[in-house]
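Fold and contact review
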Amino acid sequence: PPQSETLPTPTYGHTPLAKTEYYQYTVMTAEERKLYNKIVSAIENLQSEVSAAGFSVNSDAGLALFHQIIADNPQYFWVSGTAYVTYDPRTQNVKTFMLLYTDGEKMDTIDSKTGPVAVADRTKIAAQRSALNQKIQQILSAIPANYPEVEREKLIHDYIVNHVTYDNATAATPTPAGATLPHAYDIYGAAIEGKAVCEGYAKLFQYLCYCTGINATQITGTAKGGGHMWNAVKIDGDWYEIDVTWDDGDGQLLYYRYFNLTHSQMAQDHASDDTEFPFPQCNGTKYRYADYYALKVLSPTTVSDNYKFVVDRLIADGGGYLILYRNGVTMNSDSYNALVYYDTALIQQYAAQRGYRLDFAYSYTIYTEFSYIPCTVTKR
């Protein structure tokens, strides 16, 4: 369990994750990485055609590599997730990658004879890139660079849940094939417009993690029968799965049901698909929110031994919500009294030892297996 701790005085000099550590890049061969870097350079410079001369890659493998590049680089919101290739009919090897760019309203097209036709406004894309970079820096200015990885991850999660609204209209009427791409599917929509579907949530989470030195990647699949995207994130050497979209509830309380689960835990209502691009095995257990941050119930009268950590955080924050993870235990008023309200409760005894009093409201909110109890902290 976590120990009682005091977070360090915040500093904000972030060291971003090295691009050579991006997950898709790490699982490629040396030859694939050379082609990856060539295509990335083209995207950064809005180059429409990329020669594959000197590379032995067929069209299927080439398009798979392109999808890995898109999965690795959510910051490239101006490039379409679909590329086209020309290939040598004798060897079947790709000759040219043709890339299409979008400004959010207009998207480049393909001429069957001449290749890509620039339609998207390059000046507008440049302005959007600049606006996104400024917004990212603004967000990072509130995330201490010297906090532990899990603390930085939690702040990223909380920012997205608090500032991004799910775009129900776009989700209900997906973009028709061939139409221009709305920003609801990308990082720009999530960060700048504050509105996105799951792709935008996942891409903003991934990129903010990169910016604070945390490794993360995308996972695609289905959830409750619909197409979905969420993330894998690497915290202190272990991979976890996190779904920021599904943690975005009613906008009033921060929800952590899908914060740092194992793959098997996420698979209870998410079905992943690694045919488009691979993702890591997620078996980390230490930093699941329910076990690390929440007050975990072990029985109607006992809690897990992280209660000191939970109290320390309430004291440091000056109150807020005590989040109780009921862990399948049936709770009634007597249970809540024994665990939270009575002076004999472990958390009350520990708070008193620290010289504080915890005052909990007698009304609380229940989200599935979590109970949110308002708390004020006063010095004794």
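In the block above lies the structure referred to throughout.
Rules behind the numbers
Residues numbered from 1 in each chain as written. Predicted model: local features only at pLDDT ≥ 70, side-chain atom pairs only at ≥ 80, totals over all residues. Heavy atoms only, no water. Helix = DSSP H or I, 4+ residues; strand = E, 2+ residues; numbered from the N terminus. Buried < 20%, exposed > 50% of the residue type's maximum accessible area, 1.4 Å probe, protein only. Contact = heavy atoms within 4.5 Å. Areas by Shrake-Rupley, 256 points an atom, 1.4 Å probe, with all protein chains shown as cover. Lys, Arg positive; Asp, Glu negative; His and termini not counted. Charge placed at Lys NZ, Arg CZ, Asp CG, Glu CD. Axes fitted to C-alpha atoms, helices over the stretch in contact; angles between N-to-C directions. Parallel < 35°, antiparallel > 145°, perpendicular 65-115°, else oblique. Left-handed = near helix turned anticlockwise from the far one by under 90°. Nonpolar A, V, L, I, M, F, W, Y, C, P; charged D, E, K, R; others polar. Core = buried A, V, L, I, M, F, W, Y, C linked by side-chain atoms within 4.5 Å. Pairing = 2+ DSSP bridges. Salt bridge = Lys/Arg side-chain N within 4 Å of Asp/Glu carboxyl O.

A few words on the overall build of the protein chain. A tally of helices and strands in the protein chain yields 13 helices and 17 strands. The principal-axis extents of the C-alpha atoms in the protein chain amount to approximately 80 × 40 × 35 Å. Sorting the 380 residues of the protein chain into buried and exposed places 51% on the buried side. Contacts in the protein chain between residues at least 24 apart in sequence constitute 62% of all its contacts with a sequence separation of at least 6. When the accessible surface of the protein chain is totalled, it reaches about 17000 Å², and 48% of it is carbon and sulfur. Positive and negative side-chain charges in the protein chain, numbering 29 and 41 respectively, have mean positions lying 4 Å apart.

To continue, consider the packing of helix H11 (residues 307-317) against helix H13 (residues 346-353). Relative orientation of the contacting elements H11 and H13 amounts to 55 degrees, with a least axis distance of 9 Å. The orientation of H11 with respect to H13, classified from their angle, is oblique. The interaxial crossing formed by H11 with H13 has right-handed handedness. Where H11 abuts H13, its residues Tyr 307, Lys 308, Val 311 and Asp 312 lie against Leu 346, Ile 347, Tyr 350 and Ala 351. Broken down by class, the residue content of the contact of H11 with H13 amounts to 6 nonpolar, no polar and 2 charged.

Right, let's get into the nonpolar core. Proteins that are soluble and globular tend to have nonpolar side chains buried together. In terms of nonpolar packing, the biggest core is built from 77 residues, with Ile 39 and Ile 160 touching the most fellow members. Per-element accounting of this core gives the leading share, 8 residues, to helix H8 (residues 198-211). Core analysis: the next-biggest nonpolar cluster, separate from the first, contains 26 residues, Leu 314, Leu 322, Tyr 336 and Cys 375 among them.

Here we take up the pairing of strand S10 (residues 238-242). In terms of burial, S10 is largely enclosed, as 4 of its 5 residues are buried. Summarising the sheet, strand S9 (residues 226-235) and S10 pair through 5 bridges and their orientation is antiparallel. Across the sheet, residue Val 233 finds its bridge partner in S10, namely Tyr 240.

Under the definition given, this model contains 11 salt bridges. Here Glu 369 and Arg 257 are joined by a salt bridge, their closest N and O atoms 3.1 Å apart. Here Arg 257 lies in the loop between S10 and helix H9 (263-266) and Glu 369 lies in the loop between strand S16 (365-367) and strand S17 (370-379), a separation of 112 residues in the sequence. Residue Glu 369 is classed as buried on the basis of its relative accessible area of 18%.

A separate point is the packing of helix H5 (residues 149-163) against H8. The interhelical angle for the contact between H5 and H8, taken along N-to-C directions, is 145 degrees, at an axis separation of 10 Å. H8 is crossed by H5, and the crossing has right-handed handedness. Counted together, Glu 153, Ile 156 and Ile 160 of H5 and Tyr 201, Leu 204, Phe 205, Leu 208 and Cys 209 of H8 form the full contact between these two elements. In the contact of H5 with H8, the residues fall into 7 nonpolar, no polar and 1 charged.

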